[in-house]
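# Fold and contact review
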Amino acid sequence: MTVGETLVFVAFGSNEGDREQHLRTALQRLGATPGIVVVRTSQLRESTLQGHGPAQGAFLNGVVQLRTTLSALALLGVCKALEGMAGRRLPAPRNHPRPLDLDLIFYGQERIDTRELVVPHPRWHEREFVCEPLRELGVDLDASPRHVAPRVYEPPIEFAAQCSEWLAGGCVVGLVPTMGALHAGHRSLMAIARRECDRVAATIFVNPLQFGPNEDFAAYPRDLTGDLAICAEAGVDAVFAPTVAQMYDPEFCSHVAVGAAAQGMEGALRKDHFGGVATVVARLFAIARPHRAYFGEKDAQQLAVIRRMTRDLGFPIRIVGCPIVREADGLARSSRNVYLGAADRAASTILHRALRSAQGAFVRGERDRDALLARVRAVLATEPRAEVDYVELRSEGALAELPPGPVDGGRLLVAAKFRDGARPVRLLDNLSLREGADLA
Ligand code: AMP
């Protein structure tokens, strides 16, 4: 190695056309590029496609070790150019057959995390068609750098620094705020964020400001280990899990006051709840400065409050509402469902059934607001275990009150208590009158 050179490993593969010819040509062209010296090349091996994709032939794979004076980004540019010269269509559809694929695995000991390039390659250690050639080239895999996803941040300043780095690298950043005890509902938010963003951060913070004095802050379910496993599986890049003292220092005294959006329904029953939600979300937005933030329609009023707050305070953040994820029997997934006793669990499906019943009436032509509400209440009344807090029909989105008389859509919202489990549980549910209904 001479001064200014970096030792680099590039994985190569081909499963379209004359595979061996594509690879030999690419290696020759790499070696002929100024600033690149080919040190050693592994043998070629066959492998089949890992992951989902259309039916296709086997790959021929290997790894080449290089010395280079090029920067990682310049080397990436060379690799992309060679892929193009081999006839690969760019941007290439994921997991489709390709004449040439060049992946930068290691660039010295450097860690790079930008939109264009992540080094070390995030999944190199999961791929036998990369590991085996690396071993053949004498690389100690256990000592090699790998990405451990997700990274967990506690101090806000460290999480903020990570997000700033992503933003500076040109990444679209998505934020998924949660209180942990993660389930399929949260996972769906992460999956949507993963599809739409270059980097996804989840936050896990049971926020004391949104719990009333007689509510279940202390008893709220917590399981950081399980949550991190779910985040890893969902492909989350970073988890922000601060302590209460880290989020709110002892002198903390600035709160977001929320107006009309927080009136009625949950706002009427849980004094200061939405003020606490808006305060923590504003704080998370200020720390992470994401492009997009993901919230569930399951908490429809919360979503409306956050949309309003984001607009009112001028955060340049797209709020993405995500559909409710339900159990097979219709119960909306919730972290608090674990506290339902068996009988209450069986009874809990009444919420969804009541909403569906009114939706069915709407589809069949019922348009009167009060008749639709009466339909929900009548079904709920058949289940004595459900202590109903409210049943409402509000406008879509902003959840504004609708006057009596005919409606041409809207969202039904319900909340009820169930008391027979380890502790009383309040369940929320809602349904758009037009959701999933073929009204043509
Ligand atoms: P929580 O941890 O309960 O504060 O929820 C975090 C986020 O996940 C909120 O935006 C919720 O609306 C969303 N969420 C919770 N349960 C569900 C569900 N069953 N389906 C979709 N989103 C959900």
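Residues numbered from 1 in each chain as written. Predicted model: local features only at pLDDT ≥ 70, side-chain atom pairs only at ≥ 80, totals over all residues. Heavy atoms only, no water.

Tallied over the full model, the rule gives 31 salt bridges. In this structure, Glu83 engages Arg88 in a salt bridge whose closest nitrogen and oxygen atoms are separated by 3.5 Å. Overall, the relative accessible area of 1% leaves Glu83 in the buried class. The partner of Arg98 in a salt bridge is Asp101, and the shortest N-O contact between them spans 2.9 Å. Through salt bridges with shared partners, one network takes in Lys80, Glu83, Arg88, Arg98 and Asp101. (Salt bridge = Lys/Arg side-chain N within 4 Å of Asp/Glu carboxyl O. Buried < 20%, exposed > 50% of the residue type's maximum accessible area, 1.4 Å probe, protein only.)

Before going further, it helps to examine the sheet that holds strand β14 (residues 387-394). Taken in spatial order, the three strands of this open sheet run β14-β15-β16, and their pairing is antiparallel. At either end of the open sheet lies a strand with only one pairing partner, and these are β14 and β16 (425-432). The average undirected angle you get between the axes of adjacent strands in this sheet is 10 degrees. In the sheet, β14 pairs with strand β15 (residues 411-418) via seven bridges, with the strands oriented antiparallel. (Pairing = 2+ DSSP bridges. Helix = DSSP H or I, 4+ residues; strand = E, 2+ residues; numbered from the N terminus. Axes fitted to C-alpha atoms, helices over the stretch in contact; angles between N-to-C directions.)

Before going further, it helps to spend a moment on a nonpolar patch on the surface. Taken together, the side chains of Met1, Leu7 and Val39 define a hydrophobic patch exposed on the protein surface, amounting to about 260 Å² of accessible area. The residue Met1 is located in the segment before β1 (6-14) in this model. (Patch = residues over 30% accessible without salt bridge, like charges linked within 9 Å, V, L, I, M, F, W, Y side chains within 5 Å. Areas by Shrake-Rupley, 256 points an atom, 1.4 Å probe, with all protein chains shown as cover.)

Here the protein is described as being made up of domain 1 (6-143), domain 2 (151-322) and domain 3 (335-439). Between the C-alpha centres of domain 1 and domain 2 the distance comes to 38 Å. Interface area, domain 1 with domain 2, both sides summed: about 480 Å², of which 36% is carbon and sulfur. Three residues, Asp113, Thr114 and Arg115, lead the burial of domain 1 against domain 2; their summed loss comes to 92% of the area buried on that side. Put simply, domain 1 and domain 2 have zero salt bridges between them. The interface formed by domain 1 and domain 2 contains one residue pair in polar contact (both at pLDDT 80 or more). (Domains from an automatic or database assignment. Buried area = accessible area lost by both parts, 1.4 Å probe. Polar contact = N/O pair within 3.5 Å; in protein donor to acceptor, adjacent residues only side chain to side chain.)

Close contacts around the ligand come from 17 residues, with Met179, Gly296, Asp299, Val325 and Arg333 the closest. At 2.9 Å, a side-chain N or O of His186 approaches an oxygen atom of the ligand. At a separation of 2.9 Å, a nitrogen atom of the ligand approaches a polar backbone atom of Val325. Alone, the ligand offers 480 Å² of accessible surface; in the complex the protein occludes 93% of this. The leading source of residues in the shell around the ligand is helix α5 (residues 184-196), at three residues. Looking at the shell around the ligand residue by residue, the classes come out as eight nonpolar, six polar and three charged. (Near = heavy atom within 4 Å. Nonpolar A, V, L, I, M, F, W, Y, C, P; charged D, E, K, R; others polar.)

Judged by nonpolar contacts, the single largest core of 34 residues is most densely connected at Phe159, Leu175, Met247, Val281, Phe285, Phe295 and Ile319. Top contributing element to this core by residue count: helix α9 (residues 273-288), with ten residues. Setting aside its immediate chain neighbours within four residues, Phe285 contacts Leu175, Pro290, Ala293, Phe295, Met309, Thr310, Phe315, Ile317 and Ile319. Counting residues in hydrophobic clusters, the runner-up holds 29 residues, among them Leu331, Val376, Ala416 and Phe418. (Core = buried A, V, L, I, M, F, W, Y, C linked by side-chain atoms within 4.5 Å. Contact = heavy atoms within 4.5 Å.)

In this section: α5. For α5, which comprises 13 residues, the first-to-last C-alpha distance of 18 Å matches the rise-based estimate of 18 Å (1.5 Å per residue) to within 8%. Along α5, the positions that sit buried rather than exposed are Ala184, Gly185, His186, Ser188, Leu189, Met190, Ile192 and Ala193. Those residues of α5 that are buried lie in contact with β9 (173-178), β10 (199-204), α6 (224-233), β12 (292-296) and β13 (318-322). (Expected span 1.5 Å × (residues − 1).)

A few words now on the side chain of Arg199. Among the structural elements, Arg199 can be located in strand β10. Overall, Arg199 belongs to the buried group, its relative accessible area being 8%. Excluding residues within four positions of it along the chain, Arg199 makes contact with Asp113, Thr114, Arg115, Val118, Trp166, Cys171, Val172, Val173, Gly174, Arg194 and Asp237.

Centre-to-centre distance and the angle between the planes together describe a pair of aromatic rings. In the structure shown here, the tally under the stated rule is nine aromatic pairs. Ring geometry for Phe106 and Trp124: centres 5.1 Å apart, planes at 80 degrees, overall edge-to-face. Here the residue Phe106 occupies a position in strand β5 (residues 101-107), and Trp124 occupies one in the loop between β7 (118-119) and α3 (128-136), the gap between them amounting to 18 residues. An identical accessibility class is assigned to Phe106 and Trp124; each is buried. One aromatic cluster is present, built from ring pairs that chain together Phe9, Phe106 and Trp124. For Arg222, the ring lying beneath its charged end belongs to Phe217, and the centroid distance is 5.0 Å. The side chain of Arg423 reaches across the aromatic face of Tyr339, ending 4.4 Å from its centre. (Phe/Tyr/Trp six-rings, centres within 6.5 Å; stacked < 30°, edge-to-face > 60°. Lys NZ or Arg CZ within 6 Å of the ring centre and 35° of its normal.)

So, on to the sheet that holds strand β8 (residues 151-153). The strand order across the open sheet built from six strands is β8-β11-β10-β9-β12-β13, with neighbouring strands paired in parallel fashion. For this open sheet the edge positions go to β8 and β13, each flanked by a neighbour on one side alone. Neighbour-to-neighbour, the strand axes of this sheet turn through a mean angle of 25 degrees, independent of strand direction. As paired elements, β9 and β12 share two bridges and run parallel to each other. Note on β12: the bridge partner recorded for Gly174 is Arg292. Running at roughly 170 degrees to β13, helix α10 (residues 300-313) makes contact with β12 and β13 of the sheet.

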